[in-house]
Amino acid sequence: MTAWTCPNCDRRFGRRNQSHECAPAMTLEDYFAADGPPFERPIFDAVHGHLTTLGPLHLEPVSVGLFFKRSRTFAELRPMTRWMVLSFILSHRVDDPRITRQVTISGSRVYHQTKLHGPDDVDGQVRDWLTDAYLSTPL
């Protein structure tokens with residue numbers, strides 16, 4: 001699957017003419033220059049550090065969070081008041097008490113959410129979920 005790049009905002013998406021808020025991605029430096037919660041950067045570093053070991057990765061920092069992409073978004077980090085929400089898409093449901101939300105989005109694709117309070121929450125299990133989400137998303 002080839003990613004589509006919006007000609008107006010230069011952001012990448014999995015489907016041609018995918019609806020989106022058409023605003024250019026920020027630089028990572030600009031994203032973290034904003035006055036975000038102090039736990040945000042260490043959690044990002046733990047997630048990003050793991051994902052970069054898996055292969056090619058496209059990162060889009062936008063005003064609402066950080067989107068991790070291959071041909072399409074497979075994981076997101078969004079800051080909340082006391083934690084970060086990590087969202088990821090798998091081809092199966094996860095039965096774990098840390099999963100706070102699951103939604104079947106199409107066929108066998110299931111959207112999951114979990115809360116991360118600090119970088120230590122990015123443990124082996126979370127890294128396994130991220131690895132599975134990364135590998136199940138086409139380039």
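The preceding data block contains the structure.
Quantities reported herein were computed from a predicted structural model and do not represent experimental measurements. (Residues numbered from 1 in each chain as written. Predicted model: local features only at pLDDT ≥ 70, side-chain atom pairs only at ≥ 80, totals over all residues. Heavy atoms only, no water.)

A. Seen up close, the overall build of the protein chain. Looking only at helices and strands, the protein chain has three helices and eight strands in total. Written out in order from the N terminus, the α and β elements of the protein chain read β-β-α-α-β-β-β-β-β-β-α. Taken over C-alpha atoms, the radius of gyration comes to 15 Å for the protein chain, in line with the 14 Å a tight globule of 139 residues would show. Each of the three principal axes of the protein chain carries a C-alpha extent, and together these read 40 × 40 × 25 Å. Within the span of the protein chain, comprising 139 residues, buried residues form 40% of the whole. Here the contacts in the protein chain between residues at least 6 apart in sequence split such that 48% fall between residues at least 24 apart. When the accessible surface of the protein chain is split by element, carbon and sulfur atoms take 50% of a total near 7,500 Å². Of the charged side chains in the protein chain, 16 are positive and 16 negative; the average position of the first set lies 8 Å away from that of the second. (Helix = DSSP H or I, 4+ residues; strand = E, 2+ residues; numbered from the N terminus. Rg over C-alpha atoms; globule rule 2.2 N^0.38 Å. Buried < 20%, exposed > 50% of the residue type's maximum accessible area, 1.4 Å probe, protein only. Contact = heavy atoms within 4.5 Å. Areas by Shrake-Rupley, 256 points an atom, 1.4 Å probe, with all protein chains shown as cover. Lys, Arg positive; Asp, Glu negative; His and termini not counted. Charge placed at Lys NZ, Arg CZ, Asp CG, Glu CD.)

B. Seen up close, helix 3 (residues 124-135). When the terminal C-alpha atoms of helix 3 are compared, their 16 Å separation across 12 residues agrees well with the 16 Å that a helix rising 1.5 Å per residue should span. Those residues of helix 3 that are buried lie in contact with helix 2 (40-51), strand 5 (73-79), strand 6 (84-90) and strand 7 (99-106). (Expected span 1.5 Å × (residues − 1).)

C. Quick peek at the packing of helix 2 against helix 3. Where helix 2 meets helix 3, the axes come as close as 10 Å, and the angle between the chain directions of the two elements is 50°. Classed by the angle they form, the pair helix 2 and helix 3 counts as oblique. Relative to helix 3, helix 2 is oriented so that their crossing is right-handed. Across the interface between the two elements, Val47, His50 and Leu51 from helix 2 touch Arg127, Leu130 and Thr131 from helix 3. Residue classes in the contact of helix 2 with helix 3 are distributed as three nonpolar, two polar and one charged. (Axes fitted to C-alpha atoms, helices over the stretch in contact; angles between N-to-C directions. Parallel < 35°, antiparallel > 145°, perpendicular 65-115°, else oblique. Left-handed = near helix turned anticlockwise from the far one by under 90°. Nonpolar A, V, L, I, M, F, W, Y, C, P; charged D, E, K, R; others polar.)

D. The arrangement of the environment of Pro138 in detail. Structurally, Pro138 can be placed in the segment after helix 3. The class of Pro138 is partly exposed, set by a relative accessible area of 29%. Residues Pro138 and Ser71, 67 residues apart in the sequence, show an inter-C-alpha distance of 5.9 Å.

E. Highlighting the sheet that holds strand 3 (residues 58-62). Sheet architecture is open: six strands sit in the order 3-4-5-6-8-7, paired in antiparallel fashion. Strands with a single pairing partner mark the edges of an open sheet, and in this sheet they are strand 3 and strand 7. With strand direction ignored, the average angle separating the axes of adjacent strands in the sheet is 20°. Two elements, strand 5 and strand 6, share five bridges in a ladder whose sense is antiparallel. Paired with Ala75 across the two strands is Phe88, which belongs to strand 6. Against the sheet, helix 3 touches strand 5, strand 6 and strand 7, its axis set at about 45° to strand 6. (Pairing = 2+ DSSP bridges.)

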